[in-house]
Amino acid sequence: MRRMILTSSLLLALSASAMAAPIYKWVDAQGVTHFGEQPPQGQQSTTVNPSAAPPSSTTPEAKPAPTFDAIADPEQAAADAKVKQEVAAQEAQRKKYCETQRNNLAQLENNPRVRVEDGGEMRRLGEDERQKRIADAKQAIKDNCQ
């Protein structure tokens, strides 16, 4: 049934385009362009194809944007998926880094008695070293987390 409908619609479309009357184009003695269903008597005319419009000379030709069909190229689709996974992993790693830096900054700013492990022993940071680490944490957040 589908095949019969498809065949009949195809034949109908072909017959409609074949039955379309030709369009003639000619220029009269005054230089005016005319179009008509019948060629003029005693003048030269050309047949015009109405389905294909000529490019306009007043506007620049616009090139169609290239299209990409990922389904048509499975290698490209696989490469795209791999890149998306890598980007997602890098983004997750960056978010974790930013969270750690913000936590470190909060600890440094809120606690003047910060202790760090140095050579297996715990020691207290001096105020100058604490301020330097605060500045470093702020710079790391500014560079990577904004």
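Residues numbered from 1 in each chain as written. Predicted model: local features only at pLDDT ≥ 70, side-chain atom pairs only at ≥ 80, totals over all residues. Heavy atoms only, no water.

Visitor: Would you take a moment to explain the overall build of the chain for this structure?
Guide: In terms of regular secondary structure, the chain is built from three helices and five strands. Along the chain, from the amino end to the carboxyl end, the secondary structure elements read α-β-β-β-α-β-β-α. Here the chain, with 146 residues, has 12% of them falling under the buried criterion. Long-range pairs, those at least 24 residues apart, make up 27% of the contacts in the chain between residues at least 6 apart in sequence. Of the accessible surface of the chain, which amounts to about 12,800 Å², a share of 55% is contributed by carbon and sulfur atoms. (Helix = DSSP H or I, 4+ residues; strand = E, 2+ residues; numbered from the N terminus. Buried < 20%, exposed > 50% of the residue type's maximum accessible area, 1.4 Å probe, protein only. Contact = heavy atoms within 4.5 Å. Areas by Shrake-Rupley, 256 points an atom, 1.4 Å probe, with all protein chains shown as cover.)

Visitor: Please explain the environment of Asp118 as it appears in this structure.
Guide: With respect to the helices and strands, Asp118 occurs in strand S4 (residues 115–118). Among the polar contacts listed, one links the side chain of Asp118 to the side chain of Arg123, at a separation of 3.0 Å. (Polar contact = N/O pair within 3.5 Å; in protein donor to acceptor, adjacent residues only side chain to side chain.)

Visitor: Teacher, can you tell me more about the pattern of salt bridges here?
Guide: Side chains that differ in charge, positive against negative, can pair when their charged atoms come close. One pass over the full model with this rule turns up seven salt bridges. In this structure, the salt-bridge partner of Lys132 is Asp136, at a minimum N-O distance of 3.1 Å. Of this pair, Lys132 and Asp136 both sit in helix H3 (residues 127–144), four residues apart, which is roughly one turn of the helix. (Salt bridge = Lys/Arg side-chain N within 4 Å of Asp/Glu carboxyl O.)

Visitor: Explain H3 here, please?
Guide: Residues spaced three or four apart along an α-helix point in a common direction, a consequence of the helix completing one turn every 3.6 residues. Relative to the 26 Å expected for 18 residues at 1.5 Å per residue, H3 spans 26 Å between its end C-alpha atoms, a close match to the ideal helical length. Those residues of H3 not exposed but buried are Arg130, Ile134, Ala137, Ala140 and Ile141. Viewed end-on, H3 has its buried residues packed into an arc of 130°, placing them on one side of the element. Turned more than 90 degrees away from the buried face of H3 sit Asp128, Lys132, Lys142 and Asp143, all of them exposed. Summarising the contacts, the buried residues of H3 are in contact with helix H2 (74–110). (Expected span 1.5 Å × (residues − 1). Arc of directions from axis to C-beta.)

Visitor: Looking at this structure, I do not really get the sheet that holds strand S2 (residues 33–36). What am I missing?
Guide: Backbone hydrogen bonds are what pair the strands of a sheet, in a parallel or an antiparallel way. Read across the sheet, three strands follow the order S2-S1-S3 without closing on themselves; strand pairing throughout is antiparallel. The strands lining the two open edges of the sheet, one partner per strand, are S2 and strand S3 (46–48). Each strand axis lies, on average, 35° off the axis of its neighbour in the sheet, ignoring direction. (Pairing = 2+ DSSP bridges. Axes fitted to C-alpha atoms, helices over the stretch in contact; angles between N-to-C directions.)

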